[in-house]
Amino acid sequence: MTAERSDGIPDQRTPQADVAALIPMVRRIVAARVQDGPTADDLVQETLVRVLAAAPRVEPGMLESYAIVTARNVVASLWRERDRHRRNQHRVVDLLPEQTHDDGLVAQEEQNAVVQALARLSERERDTLLAHEVSGQDTRSLAGEIGSTAGAVAAQLNRTRARLRVEYLLALDQAEPPTERCRPVLLALSSGDRRRQREVDAARHLLECDLCARLSEPLMERGQARDDEIRIPIHVDADIVAARQAARELASRLGFSKTDLTLIATAVSEVARNIVRFAGLGEIVVELLDQPRRGVRVVAMDTGPGIADVEQALADGYSTYQGLGLGLPGARRLMDEFAIMTEIGRGTTVTMTKWREER
């Protein structure tokens, strides 16, 4: 999703640009703790790689705090590794190091942590997760068993996985959160819910809580992709086809009629075509909705030049390129809800929603 500036206009900067802006700060943090130049450079690079990998799951406003925490963790890992090496240096001459006992102990600790984490889930959460992950039941059949919808089951599974990751790491660390804010922050990080990260002020909390700072990285690394959302990078014409097909396939899981599936696919095709023609680079996110009723939301974001006259661009019959496409006016007619936010020189975000008619 897009970041939002203080003036309410979405910030369309790419994660790469945001991370690049953090390089001087990361260098200062690492250099203050590591005097060796080449080693410091390696640690800065490692920090940036980790932050860039986590950027899509981190609320843009907390990227700086996450980079600070990551840099500290990377340096701390270096010192721990050097200390371990120093303590075991006398064993380098051992031809058969005794690792079996240690490996078995680690495996047992991990198994115990999994058991503890599962025990902290509710019975319904545990049964649904095991049925899906172990028995292989799909969300539609699970929904039929519990009297729900496939979209609701998918959302529940995502929340359960996020909570399980948090409880597993806490059990493995043999730690209890020191404050009431810890679990909400850890859950927001684990689920990749950037809106929730902003609500719980995760950025500030990571700087104040050593436990959450330590667990933040593995939570980001272990985060799984949502199965009720797809993201399609848009750059060339072939991506338009991919976005159209992906949107149609995901929306079909909610039981949309063939006509509605065609309308959704066509609208996605039009906003994707606009990105290719005028911005050159962007992304389309398609998400299943369960509230206030079942539907599908499409968010098309780009970092292009923006739209100078939105009213003109949305006027029926208006087109800025030669072709048979429907353009933005057509996409708006095809969907139930349509909103556009744009800023000259920074890009455009189009949000469209199609609600499923209950039969």
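Residues numbered from 1 in each chain as written. Predicted model: local features only at pLDDT ≥ 70, side-chain atom pairs only at ≥ 80, totals over all residues. Heavy atoms only, no water.

**Regarding the nonpolar core**
Point 1. Formed by 49 residues in total, the largest nonpolar core has its most connected members in Val 26 and Val 30.
Point 2. The dominant element in this core, judged by the number of residues it contributes, is helix α4 (residues 63-87), at 9 residues.
Point 3. Apart from residues lying up to four places away in sequence, Val 30 is in contact with Ala 40, Leu 43, Val 44, Ala 71 and Val 75.
Point 4. Ranked by size, the runner-up nonpolar core spans 32 residues in total, among them Ile 232, Ala 247, Ala 272 and Met 352. (Core = buried A, V, L, I, M, F, W, Y, C linked by side-chain atoms within 4.5 Å. Buried < 20%, exposed > 50% of the residue type's maximum accessible area, 1.4 Å probe, protein only. Helix = DSSP H or I, 4+ residues; strand = E, 2+ residues; numbered from the N terminus. Contact = heavy atoms within 4.5 Å.)

**Thoughts on the pattern of salt bridges**
Point 1. Scanning the entire structure with this criterion turns up 19 salt bridges.
Point 2. Residue Arg 297 is joined to Glu 287 by a salt bridge in which the shortest nitrogen-to-oxygen separation is 3.2 Å. Here Arg 297, found in strand β5 (residues 295-302), pairs with Glu 287, found in strand β4 (residues 282-289); they are 10 residues apart in sequence, far enough to count as distant.
Point 3. Using a relative accessible area of 29% as the deciding quantity, one classes Arg 297 as partly exposed.
Point 4. A single salt-bridge network, built from bridges that share partners, covers Arg 120, Glu 167, Glu 176 and Arg 183. (Salt bridge = Lys/Arg side-chain N within 4 Å of Asp/Glu carboxyl O.)

**A short note on the confidence of the model for the protein chain**
Point 1. Summary statistics for the protein chain give a mean pLDDT of 80 and a share of 83% for residues scoring 70 or more.
Point 2. With pLDDT under 50 throughout, residues 1-12 is counted as low confidence; its partners more than four residues away or in other chains account for 35 contacts.
Point 3. Below a pLDDT of 50 lies the segment residues 90-100, which in the model reaches 2 contacts outside its immediate sequence neighbourhood of four places, other chains included. (pLDDT = per-residue confidence, 0-100.)

**Examining the packing of helix α7 (residues 139-146) against helix α8 (residues 150-173)**
Two quantities define a packed helix pair, namely the angle between the helix axes and the distance between the axes.
Point 1. α8 packs onto α7 with a crossing angle of 100° between their chain directions and a minimal axis gap of 8 Å. Classed by the angle they form, the pair α7 and α8 counts as roughly perpendicular. Residues Thr 139, Arg 140, Leu 142, Ala 143 and Ile 146 of α7 form the contact with α8, whose participating residues are Ala 150, Val 153, Ala 154, Gln 156 and Leu 157.
Point 2. Tallied by class, the residues present in the contact of α7 with α8 amount to 7 nonpolar, 2 polar and 1 charged. (Axes fitted to C-alpha atoms, helices over the stretch in contact; angles between N-to-C directions. Parallel < 35°, antiparallel > 145°, perpendicular 65-115°, else oblique. Nonpolar A, V, L, I, M, F, W, Y, C, P; charged D, E, K, R; others polar.)

**Notes on the layout of surface pockets**
Point 1. Reported here for the second largest pocket is a volume of approximately 580 Å³.
Point 2. Along the wall of the second largest pocket there are 21 residues; nearest its centre are Asn 73, Arg 80, Arg 214, Leu 215 and Pro 218.
Point 3. No other element matches helix α12 (residues 210-222), which puts 8 residues into the lining of the second largest pocket.
Point 4. Looking at side-chain class alone, the lining of the second largest pocket contains 10 nonpolar, 2 polar and 9 charged residues. (1 Å grid on protein atoms, 1.4 Å probe; cavity = no way out; pocket = protein on both sides within 12 Å on 5 of 7 lines; lining within 4 Å. Points joined across faces, edges and corners; volume = space filled by probe spheres on them.)

**Some words on the sheet that holds β5**
Point 1. One open sheet accounts for 5 strands, arranged β3-β4-β5-β7-β6; its pairing is antiparallel. Only two strands of the sheet have a single partner each, and these edge strands are β3 (229-234) and β6 (337-343). When strand polarity is set aside, the average angle formed by the axes of neighbouring strands in this sheet is 10°.
Point 2. Summarising the sheet, β6 and strand β7 (residues 347-355) pair through 7 bridges and their orientation is antiparallel. Across the sheet, the residue bridging to Ile 340 is Val 350, located in β7. (Pairing = 2+ DSSP bridges.)

**Some points on helix α9 (residues 182-191)**
Point 1. For α9, the full list of buried residues reads Cys 182, Val 185, Leu 186, Ala 188, Leu 189 and Ser 190.
Point 2. Where α9 terminates, the next one or two residues include Gly 192, which has phi positive at roughly 70°.

**Section: the pairing of β4**
Two faces, one strand: in a regular strand the side chains alternate between the faces of the sheet.
Point 1. The element β4 is extensively covered by neighbouring structure, given that 7 of its 8 residues are classed as buried.
Point 2. As judged from the 6 bridges shared by β3 and β4, these two strands associate in the antiparallel manner. By the bridge assignment for β4, Arg 231 is matched with Val 285.
Point 3. Bridge count for β4 against β5 is 8 bridges, and the pairing is antiparallel. Paired with Val 285 across the bridge in β5 is Val 299.
Point 4. Between the end of β4 and the start of β5, which pair antiparallel, lie 5 residues.

**Description of the environment of Ala 331**
Point 1. Note on placement: Ala 331 falls in helix α16 (residues 327-334).
Point 2. Overall, the relative accessible area of 0% leaves Ala 331 in the buried class.
Point 3. As a C-alpha pair, Ala 331 and Met 352 span 21 residues in sequence and 8.4 Å in three-dimensional space.

**Structural notes on the pairing of β5**
Point 1. The buried count for β5 comes to 7 of 8 residues, which makes it a mostly enclosed element.
Point 2. Taken together, the 7 bridges between β5 and β7 define a ladder with antiparallel strand orientation. Its bridge partner being in β7, Met 301 is matched across the sheet by Thr 349.

**Notes on the packing of helix α6 (residues 123-133) against α8**
Point 1. With their axes 10 Å apart at the nearest point, α6 and α8 run at an angle of 105° to one another. In terms of orientation, α6 and α8 fall into the roughly perpendicular class. Where α6 approaches α8, its residues Arg 124, Glu 125, Thr 128, Leu 129, His 132 and Glu 133 are matched on the opposing element by Val 153, Gln 156, Leu 157, Thr 160, Arg 161, Arg 163 and Leu 164.
Point 2. Its residues placed into classes, the contact of α6 with α8 shows 4 nonpolar, 4 polar and 5 charged.

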